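Coordinate analysis (summary)
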Amino acid sequence: MSQVLTAESTTQQQTTEVFDALVIGAGTSGLYELYLLTQQGLNVRGIEAGSSVGGTWYWNRYPGCRLDSESFTYQYAFPDDVLATWNWKELFAGQPELESYFNEVADHYNLRANIDFNTRVASMTFDEQNNQWTVTAESGKTYIARVVVSATGLLSAPIYPQISGMETFTGESYHTGLWPDKEVTFSGKKVIVIGTGASGVQVITEIAKDVSHLTVFQRTPNWVIPLRNRPLTDDDMQRIRAGYPEMFPKLRNTWSGFLHSWDPKPTTDYTDEELRERFETAYNSPGFAKWFGLPNDIAFDDVANQKWCDFMAEKIHEIVPDPELSRLLIPNHPFGAKRVPCGTHYFELYNQDNVELLSLAEHPILEVTSTGVRTPDGDIEADMIVYATGFEAFVGALNRMDITGLGGAKLRDKWEDGPKTFLGLQVAGFPNLFLIGGPHGKGGHGNSPRCAEGSLEWMALLVGKLARNELTRVEATPEAEAEWTETVNASGMGGFMAKTKNAFFGDNVPGRKRAFLAYTGALPEFDERLRTMAQSGYPGLQITA
Ligand code: NAP
């Protein structure tokens, strides 16, 4: 392969290396793609900003970080010794267990040897003449390859609030998505947390266990559902493992790769008494049974959704008897209009004397000072500020790289008014670049490994053909891209998410134009489309032999 690639700079710069293919990111998707490509015997190199594998589970090492997919549904499905021997310790694994798992997989397949760690990609440019990408790391090291897979993650570009004085704070300060690999203690400290999304809910719960005083600044309350985690025994694992052959295909046949499927019976087919019982059963079940396992009209019908919201509000009132506190904690948006966080005794912690909840609408942060934050009611002193303020989701990691395609066009310029892609997998004008976990695709969200594997296997075939010189260029046609972008945009406008500001529309990032970023269709249909495409000459792609 490398003989057809021109590496003009190799003579001038010792740091240029030539590969058949590059995979940027060594998280769940990147590792799997690396595995698939090395299985094809390709000379492939992974490039990873962190010092080890795991992606999300490497960076988000904040206390309390854990899955809300059942652990065994989140692992790789390919049959191997790891699948046969790995015993999940909890129904919903915590970050340390997940990090160990991804390290185990990387070691098992000797993938680590093919990854450059501590290497963050700064830019990549398509060389039109030679049909190859030149990728440059922040360190200055360059790579040349016919094809690049960007597996840079849906949630890997953290965002901070824009509050003046943040840099003047002299205490400890952390972002949940960039938590340091060191012990951080809360005992005896005054801590402020900003943000109450899925990360905030988890970290707040841990901090509240052992803190002198905790102040939580909440911009929008969330419908936090109880996770109902539990340890898994050897017997549990034996039973679960015996079910793998049926489980993996079944998961691929659900809407988003979770164990739970929408109840085909709508709320209107239940009597009031039956519905109450149905809701109680869901509420007491683990994980997303309380979202994707509910009567299906809750996903789209205002009246049905309100019934579940009323039930949830009742639970919050029961848990938090103080009416002023429960008023602050009960959302006024539909259930599912924002990503639903899972928690463990989350609402309960607000009954503690040492925990204070402040609504940002009523108590805005005017500035961060050297010793805490200033509000109109006075200063709040803190030893630590935790920013649980989320990510520039879907597009952030891609936009933070300087990606130049045909005719010098920049990806971030092309996406200024919202991303344009074909199936979230390719972009017109950016040949031989494959995306996973970016905008518009199925891969990377839902139960991420299940949603991504079909896409990763699909692209591995094309990447292989490009890398072996059976093809020179593969890119989305502008027509296919426009049609898919329109489909995604239209799908976003129909759901409850359209009713709130949120990361699925990108307007959690100040100044960003609102555009729907996710593909919310069903996983089996998406995978079937990929299979059909591969069998019928890849309509929608422009392929140059
Ligand atoms: P997030 O869901 O975007 O939540 C960010 C929080 O910070 C929200 O409460 C947000 O308020 C608040 N916020 C943002 N900017 C702010 C500002 N300038 N001032 C004050 N508050 C501000 O981010 P996240 O909690 O990190 O979760 C991101 C995603 O990670 C989730 O959607 C989920 O997919 C994933 N995640 C998964 C798990 C899991 O699998 N168990 C755990 C954690 C995270 P608003 O709501 O008003 O914007």
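Note: the structure precedes this text.
Anyway, here's the lowdown on the structure attached to this text.

Scoring rules and cut-offs
Residues numbered from 1 in each chain as written. Predicted model: local features only at pLDDT ≥ 70, side-chain atom pairs only at ≥ 80, totals over all residues. Heavy atoms only, no water. Helix = DSSP H or I, 4+ residues; strand = E, 2+ residues; numbered from the N terminus. Rg over C-alpha atoms; globule rule 2.2 N^0.38 Å. Buried < 20%, exposed > 50% of the residue type's maximum accessible area, 1.4 Å probe, protein only. Contact = heavy atoms within 4.5 Å. Areas by Shrake-Rupley, 256 points an atom, 1.4 Å probe, with all protein chains shown as cover. Lys, Arg positive; Asp, Glu negative; His and termini not counted. Charge placed at Lys NZ, Arg CZ, Asp CG, Glu CD. Axes fitted to C-alpha atoms, helices over the stretch in contact; angles between N-to-C directions. Parallel < 35°, antiparallel > 145°, perpendicular 65-115°, else oblique. Nonpolar A, V, L, I, M, F, W, Y, C, P; charged D, E, K, R; others polar. Phe/Tyr/Trp six-rings, centres within 6.5 Å; stacked < 30°, edge-to-face > 60°. Lys NZ or Arg CZ within 6 Å of the ring centre and 35° of its normal. Near = heavy atom within 4 Å. Polar contact = N/O pair within 3.5 Å; in protein donor to acceptor, adjacent residues only side chain to side chain.

Okay, the overall build of the chain next. Assigned secondary structure in the chain consists of 15 helices and 20 strands. Relative to the globule expectation of 24 Å for 545 residues, the C-alpha radius of gyration of the chain, 24 Å, shows essentially globular dimensions. Along the three orthogonal principal directions, the C-alpha set of the chain runs to about 70 × 55 × 45 Å. Taking all 545 residues of the chain together, 59% fall into the buried category. Within the chain, contacts between residues separated by at least 24 positions form 72% of all contacts whose residues are at least 6 apart in sequence. Put simply, the chain shows about 21,900 Å² of open surface, and 50% of that area lies on carbon and sulfur atoms. Where the 46 positive side-chain charges of the chain centre and where its 69 negative ones centre are 2 Å apart.

On to the packing of helix α13 (residues 448–467) against helix α15 (residues 523–535), then. Here α13 crosses α15 at 5 degrees, and the two axes come no closer than 10 Å. What the angle tells us is that α13 and α15 run roughly parallel. Residues Arg-450, Cys-451, Gly-454, Ser-455 and Trp-458 of α13 touch α15, and the partners they reach there are Leu-523, Phe-526, Asp-527, Leu-530, Met-533 and Ala-534. Class assignment of the residues belonging to the contact of α13 with α15 gives a composition of seven nonpolar, two polar and two charged.

Ring pairs (aromatic) are described by centroid distance and by the angle formed between their planes. In total, this model carries 42 aromatic pairs according to the counting rule given. Considering the side-chain rings of Phe-279 and Trp-308, the 4.9 Å spacing of their centres and the 75 degrees angle between planes classify their relative orientation as edge-to-face. Here Trp-308 lies in helix α9 (residues 302–319) and Phe-279 lies in helix α8 (residues 272–283), a separation of 29 residues in the sequence. Aromatic ring contacts, followed pair by pair, group Tyr-32, Tyr-35, Trp-57, Tyr-74, Tyr-76, Phe-78, Trp-86, Trp-88, Tyr-101, Phe-102 and Tyr-109 into a single cluster. Above the plane of the ring of Tyr-58 lies Arg-61, whose end atom (NZ or CZ) is 5.2 Å from the centre. Above the ring of Phe-505, the side-chain terminus of Arg-514 is found at 3.9 Å from the ring centroid.

Inspection of the region around the ligand gives 23 residues, with Arg-66, Thr-196, Ser-199, Arg-219 and Thr-220 positioned closest. Between Asp-68 and the ligand, the recorded distance is 2.9 Å, taken from a side-chain N or O atom to an oxygen atom. Arg-339 is positioned with one of its side-chain polar atoms (N or O) 3.3 Å from an oxygen atom of the ligand. In isolation the ligand offers 910 Å² of accessible surface; the protein chains occlude 83% of this area. The element best represented in the shell around the ligand is helix α5 (residues 198–209), accounting for four residues. When its residues are assigned to classes, the shell around the ligand shows nine nonpolar, nine polar and five charged.

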